[in-house]
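# Observations on chain architecture
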Amino acid sequence: MRWIDIPPVWLIGFALLAWLQARHFPLGLSLDSGLTDLLSGLLIGAGILVAVLAIVEFRRHKTTVIPHETPTAMVQSGIYKRSRNPIYLGDVLILAGLVLRFDAVLSLVLVPMFVWVLERRFILPEEDRLRRAFRADFARYERRTRRWI
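The text that follows walks through the structure, step by step, so that each part is easy to find. (Residues numbered from 1 in each chain as written. Predicted model: local features only at pLDDT ≥ 70, side-chain atom pairs only at ≥ 80, totals over all residues. Heavy atoms only, no water.)

On to a nonpolar patch on the surface, then. Nonpolar side chains collect at one region of the surface, where Phe 25, Leu 27, Leu 29 and Leu 106 lie side by side and expose about 410 Å² of accessible area between them. Tracing the sequence through the fold places Leu 27 in the loop between helix H1 (7–24) and helix H2 (34–60). (Patch = residues over 30% accessible without salt bridge, like charges linked within 9 Å, V, L, I, M, F, W, Y side chains within 5 Å. Areas by Shrake-Rupley, 256 points an atom, 1.4 Å probe, with all protein chains shown as cover. Salt bridge = Lys/Arg side-chain N within 4 Å of Asp/Glu carboxyl O. Helix = DSSP H or I, 4+ residues; strand = E, 2+ residues; numbered from the N terminus.)

In this structure, Phe 14, Tyr 88, Val 92, Leu 95, Phe 114, Leu 118 and Trp 148 are the most contacted members of the largest nonpolar core, which totals 25 residues. At the level of elements, H1, H2, helix H3 (86–102) and helix H4 (110–144) are the ones that each hand at least two residues to this core. The dominant element in this core, judged by the number of residues it contributes, is H3, at nine residues. Apart from the residues lying within four places of it in its own chain, the contact partners of Trp 148 are Arg 82, Ser 83, Tyr 88, Leu 89, Val 92, Val 115, Leu 118, Glu 119 and Ile 123. (Core = buried A, V, L, I, M, F, W, Y, C linked by side-chain atoms within 4.5 Å. Buried < 20%, exposed > 50% of the residue type's maximum accessible area, 1.4 Å probe, protein only. Contact = heavy atoms within 4.5 Å.)

For the rest of this paragraph, the subject is the side chain of Thr 36. With respect to the secondary-structure elements, Thr 36 resides in helix H2. A residue is classified by how much of its surface remains accessible, and Thr 36, at 12% relative accessible area, is buried. Ignoring sequence-local partners within four residues, the contact set of Thr 36 consists of Leu 31 and Leu 100.

Locating Ile 55 in the fold gives a position in helix H2. Between the alpha carbons of Ile 55 and Ile 79 there is a distance of 9.8 Å; along the sequence they are 24 residues apart.

Here we come to the packing of aromatic side chains. With the rule as written, the count across this model stands at five aromatic pairs. Their ring planes at 40 degrees and their centres at 6.5 Å tell us that Trp 10 and Phe 14 sit as a pair that is tilted. Here Phe 14 and Trp 10 lie together in helix H1, a separation of four residues that amounts to about one turn. Under the relative-accessibility criterion, Phe 14 is labelled buried at 8%. Ring geometry for Phe 58 against Tyr 80: centres 5.4 Å apart, planes inclined by 80 degrees, an arrangement best described as edge-to-face. Residue Phe 58 is found in helix H2, and its partner Tyr 80 is found in the loop between H2 and H3; the two are separated by 22 residues along the sequence. Taken together, the ring pairs connect Trp 10, Phe 14 and Phe 114 into an aromatic cluster. Across from the ring centre of Phe 122, 5.9 Å away, lies the NZ or CZ of Arg 121, which sits over that ring. (Phe/Tyr/Trp six-rings, centres within 6.5 Å; stacked < 30°, edge-to-face > 60°. Lys NZ or Arg CZ within 6 Å of the ring centre and 35° of its normal.)

Positionally, Leu 49 belongs in helix H2. In sequence terms Leu 49 and Ile 87 are 38 residues apart; their C-alpha atoms lie 9.5 Å from each other.

Our focus in this paragraph is the packing of H3 against H4. In the contact formed by H3 and H4, the axes pass within 10 Å of each other and the chain directions differ by 165 degrees. Accordingly, the angle class assigned to the pair H3 and H4 is roughly antiparallel. Considering the relative orientation of H3 and H4, their crossing is right-handed. Between H3 and H4, the residues in contact are Tyr 88, Asp 91, Val 92, Leu 95 and Ala 96 and Leu 110, Val 111, Phe 114, Val 115, Leu 118, Phe 122, Ile 123 and Glu 126, respectively. A breakdown of the residues in the contact of H3 with H4 according to their chemical character gives 11 nonpolar, no polar and two charged. (Axes fitted to C-alpha atoms, helices over the stretch in contact; angles between N-to-C directions. Parallel < 35°, antiparallel > 145°, perpendicular 65-115°, else oblique. Left-handed = near helix turned anticlockwise from the far one by under 90°. Nonpolar A, V, L, I, M, F, W, Y, C, P; charged D, E, K, R; others polar.)

Here we come to the pattern of salt bridges. Counting across every chain of the model gives eight salt bridges. A salt bridge links Arg 120 to Glu 119; the shortest N-O distance between them is 3.4 Å. Taking relative accessible area as the criterion, Glu 119 reaches 16% and is therefore assigned buried. Between Arg 140 and Asp 137 there is a salt bridge whose closest N-O contact spans 2.4 Å. You can see Arg 140 and its partner Asp 137 sitting in helix H4, three residues apart, about one turn around the helix. When its relative accessible area of 37% is taken as the criterion, Asp 137 is described as partly exposed. Among the charged side chains, a network of salt bridges with common partners joins Arg 84, Glu 127 and Arg 147.

Function-wise, these values are silent; they only describe arrangement.
Rendered as structure tokens:
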């Protein structure tokens, strides 16, 4: 059951809701244009890039990317100099891009809801684990690096 409670599964669920809304309940609302297509592609591409860069940093430091596990190293290099949660940031960018791609105007509300789920379900518990494991190092990192961007 624990493998189901991971951010990619939540991302797929939120994206599926957006797709269903666009497909079955468009209510005559649309943002469809060439600019929207470009923006959706940029958001999805940026989200994938940010997430990949973050995963590469985790691999370089030989620590886990699994949210419910305790890390063996605190990653502060690469993309982690700019954001404490670049993988989650990437997930949010991907969802925003998919909502635009699906032309699911009503589902734009899902983006802040997804951020809320990520923060409550994953980020806050992860930060607690990092605080316990890396005490002063995490306190310094938390002061100098923002949670999102």
